[in-house]
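Listed here are the chains, written in short residue letters.
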Amino acid sequence: MRKGIRNWGPPLLLISPTIIILGIFVYGLIGANISVSMSDRHSLKPAENFVGIENYINLFTEERFLHSLYNLAIFTIFFIVGTMVFGFLWAWMLDKGVTAEGVFRSVYLFPMAISFVASGVVWRWLLNSAEGDRASGLNRIFESVGLGFLQNPWWSDPTWGMAAIAMPAIWQLSGYVMALFLSGFRGIPDELREAARMDGASEWKLYRHVIFPQLSPVALSALIIVGHMSLKVFDLIMAITKAIYQTEVPATYLWIALTANDYAKSATIATILLLLVAVLIVPYLIYTARAEKANR
Amino acid sequence: MTITTGIEKKTAVAAPPAGARARFRLGRTSKYVLLVLFLVMVLMPVYVLIVTSLKPPQDVNPATSWGLPVRWPWESVAPGGPTGFDNWTIAWDALGPAIMRTFALAIPAALISSFLGAMNGFVLSRWRFPRADWVFTFILFGMFIPYQAIMTPLVQMKTSLGLPSDISTLLLVHVIYGLPICTLIFRNYYVGIPMELMEASRVDGAGMLRTFRSVVLPLSLPGFVVTIIWQFTSAWNDFLFALFLSNQRQGPVALALNNLAQGAQLSNYGAAMAGALLASLPTLIVYIVLGKYFIGGLMSGSVKS
């Protein structure tokens, strides 16, 4: 095949609008964001000085920001563990073939189609913190089926409150993780299971040595996707509690800083969020690109 | 239709080994019990949304909050008082215009970024150029960034360019940030379908654009369905860009719903829940009618084809 510009000129030309647009709106704006984060633009007035990493130091020595990171960590742990457990369990139960599988699958997955704002409306009600006679939502259910001791203040709890906020997130995304695991299960060739059974492997050994290793790429994908969504969590918190200190995460703190026109602060929080996500995503992208190259 | 989600059941299901029948039946029963239990758990919020939206405000109280409505939705507690249906009227009055605006936002956003994504996916998979993989990764990164990372300068840019706080700005933003996922979906889609015709057309000396238009595009319908659904759903459900770049009066339905739920009628849970149902209806219908393609889009989100 002929090489040269006649060959690769047209495709490059066709894709160049996208390269330019994303160059500006992704990479350019990230650069602009970092530059604002290193300025002293704490109000509507234009920036006057370059302050280096001063904003970062201030943020990391601020109790409020550390509290938002703590909240994010609690939320992320519960969100990831919850979606992985339910997602795996559902996929595992459905994989072996059940009647009306499609119905279960569709129902488990449907919350994915709904916005966090809409589900926030109902979850705000379900997670109502009133207890006893005034209890509604989940606390009322616990009360009426004799599990009153399970009643709790949900997101109003200062230590574990964010675990309650993770519940609607788990509700919305477990179905997605289920779909990922289900595709993983169904990608395992039947011959592999048969061969292991022929060799007299017990059911546990079959899972331990055949199924789990085959599922690990899928589990990694699920972990990365759910993890990076978790770091970005914003809509759900705004819908359930609004931007308040109790449930503050970096993304909602950023919103407060930006609406107060503290551009330097919001940009600093944004850079930290970006770094958190990049730590997760960049190795994953490289890994996927390599795996794909190896397959070709 | 060549979209495969990878989660459909394989045709042959191995028969259970004989002898383990009784144990098998017990395990089977408990599995169905569990499956149904989870089904009920997942649907519980929907039940709450529906029953609460049909109760007049006086009937929404903690003691009966899980119960079915005690009267028909067209009946009121006191003569002339509000009925269950009034919740829906309030919700529609609050959300109706915003719902129309959101259609005007989500449909063009879906069409434009899908078309651009198809062209990108085509040159990244079938009409390649040197370093195409690098370009692909360059584009893909945009899909994973937290949009907060660009929000501060984006808001400043919007202000300095004097862009309006309405649907048109959001349309631009959704097209731009939808490019990576649409490119990804189309690239994976084109890699997966055989295109002898395309090769033939190329050998015949047809140019890139002609090949794309007359050979590739006619084969692209399933890919378009997936990206359009994906983009429509994310533009419809978006709250982040809407909050930072538009306002309550001119913004999309997510903002209007949030305002209805947290605004003046804070005590009126029924109207808020009716609103949540109204605002979710379009994406739910898409999910029910085109579920397979919806899942196809979800699976593409995990990068691997």
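Details of the structure are given in the entry above.
Okay, so let's go over this structure. (Residues numbered from 1 in each chain as written. Chains lettered and ligands numbered in written order. Predicted model: local features only at pLDDT ≥ 70, side-chain atom pairs only at ≥ 80, totals over all residues.)

What about the overall build of chain B?
Inference 1: Regarding its fold elements, chain B presents 12 helices and zero strands.
Inference 2: Across chain B, helices and strands are ordered from the amino to the carboxyl terminus as α-α-α-α-α-α-α-α-α-α-α-α.
Inference 3: A separation of at least 24 residues holds for 78% of the contacts in chain B among residues at least 6 apart in sequence. (Helix = DSSP H or I, 4+ residues; strand = E, 2+ residues; numbered from the N terminus. Contact = placed C-beta atoms within 7 Å.)

Side note on the interface of chain B and chain A
Inference 1: Facing the 76 residues of chain B at the interface are 80 residues of chain A.
Inference 2: Among the elements that take part in the side of chain B that touches chain A, helix α1 (residues 21-53) of chain B stands out by supplying 10 residues, more than any other.
Inference 3: A per-class count over the side of chain B that touches chain A returns 52 nonpolar, 18 polar and six charged. (Nonpolar A, V, L, I, M, F, W, Y, C, P; charged D, E, K, R; others polar.)

Some thoughts on helix α3 (residues 132-144) of chain B
Because an α-helix completes one turn every 3.6 residues, residues spaced three or four positions apart along the sequence face the same direction.
Inference 1: Taking 1.5 Å of rise per residue, 13 residues should cover 18 Å, and α3(B) covers 19 Å from first to last C-alpha, within 8% of that figure.
Inference 2: Three or more residues of α3(B) are buried, namely V135(B), F136(B), I139(B), L140(B), G142(B), M143(B) and F144(B). (Expected span 1.5 Å × (residues − 1). Buried ≥ 20, exposed ≤ 12 C-beta atoms within 10 Å, placed from the backbone.)

A look at the environment of V226(A)
Residue and element names in this part refer to chain A.
Inference 1: If you trace the backbone, V226 turns up in helix α9 (residues 203-231).
Inference 2: Residue V226 is classed as buried on the basis of its C-beta count, with 24 C-beta atoms lying within 10 Å.
Inference 3: Separated by 140 residues in sequence, V226 and F86 place their C-alpha atoms 13 Å apart.
Inference 4: Apart from the residues within four sequence positions on either side, V226 is in contact with F79, I80, T83, L173 and V177.

Quick word on the nonpolar core
Inference 1: Residues A179(A), F181(A), L95(B), L257(B) and A276(B) are the most contacted members of the largest nonpolar core, which totals 171 residues.
Inference 2: Tallying contributions element by element places helix α7 (residues 161-187) of chain A first for this core, with 16 residues. (Core = buried A, V, L, I, M, F, W, Y, C linked by C-beta atoms within 7 Å.)

A look at unusual backbone geometry
Inference 1: Positive phi values are uncommon outside glycine, yet A100(A) reaches one of about 55°.
Inference 2: For A100(A), the position within the fold is in the loop between α3 (63-95) and α4 (101-109).
Inference 3: The exposure class of A100(A) is exposed, given the 10 C-beta atoms found within 10 Å.
Inference 4: Here R131(B), not a glycine, exhibits a phi torsion of approximately 65°, which is positive.
Inference 5: On the secondary structure map, R131(B) appears in the loop between α2 (84-125) and α3.

The quantities given are spatial measurements derived from coordinates; they are silent on function.
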